[in-house]
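# Residue-level structural notes
Residue-level listing of the chains:
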Amino acid sequence: METGTEKRYQEFISASKEVDDVYHMIALKFGLSDSAMWILCTMRETNRELTQSEIAQEMSMSRQTVNSAIKNLEKQGYLRLEAVTGDRRNKTLSFTEEGEAFAKRTVDRVLSLEHQIFESLEVEEQEQLTRILRKYTRYMREGAEKI
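Criteria and cut-off values
- Numbering of residues starts from 1 in each chain and follows the order in which that chain's sequence is written.
- Residues qualify for local features only when their pLDDT is at least 70, as the model is predicted, and side-chain atom pairs are given and counted only at 80 or more; totals for whole chains, interfaces and linings, by contrast, use all residues.
- Hydrogens are left out, water is left out, and the side-chain values use all remaining heavy atoms of the structure.
- Whether two strands pair depends on DSSP finding at least two bridges between them.
- To qualify as a helix, a DSSP run of H or I must reach at least 4 residues; to qualify as a strand, a run of E must reach at least 2; elements of each kind are numbered from the N terminus.
- A pairing counts as a salt bridge when a side-chain nitrogen of Lys or Arg comes within 4 Å of a carboxyl oxygen of Asp or Glu.
- Buried, partly exposed and exposed residues are distinguished by accessible area as a fraction of the type maximum, computed with a 1.4 Å probe on protein chains only: under 20%, between the cut-offs, and over 50%, respectively.

## Examining the pairing of strand β2 (residues 79–84)
- The sheet contact formed by β2 and strand β3 (residues 87–95) spans six bridges and is antiparallel. Of the residues in β3, the one forming a bridge with Val84 is Asp87.
- Hairpin connection between β2 and β3: a loop of two residues separates the two successive antiparallel strands, and Gly86 in this loop has a positive phi of roughly 80°.

Okay, here's the thing in structure tokens:
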């Protein structure tokens, strides 16, 4: 890579890691693993019961990672698993009463912050950010398939 491109690339990687670090810090603040926080956020954003498979697919995470985080959230009393009618292997997740209260105190605040920040950007910036991130992700996915 040429010098200017390399510098911009390093700045991009640094900025990306900073965002990850902020989410990690928030998860720790709430006593959650990163995976658990993302699961709770995904459940709140979709606002419906999801299966473990749907969460794994939605979050681009392995089923093992999702399963482990869900077991911990269930053990903490935040989620309940219920078998899907006619499919014993698949279970839906829903919030317990305690989990609902926990989500309101924690991940709802994260989602609200994300929305506030996004809304603070100009419409053109929102569109550019989304378009560039989708393009970057598409190129990464295509490249990853070739590795």
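Additional details are given in the paragraphs that follow.
## A few points about the pattern of salt bridges
- Counted by the stated rule, this structure contains five salt bridges.
- Across the salt bridge formed by Glu11 and Lys7, the nearest N and O atoms sit 3.7 Å from each other. Of this pair, Glu11 and Lys7 both sit in helix α1 (residues 3–29), four residues apart, roughly one helical turn.
- Here Glu82 ties to Arg80 by a salt bridge, and the two come within 3.3 Å at their closest N and O atoms.
- Taking the relative accessible area as the measure of exposure, Glu82 reaches 35% and is therefore partly exposed.
- Connected through salt bridges with shared partners, the residues Arg44, Glu100 and Asp108 form a single ionic network.

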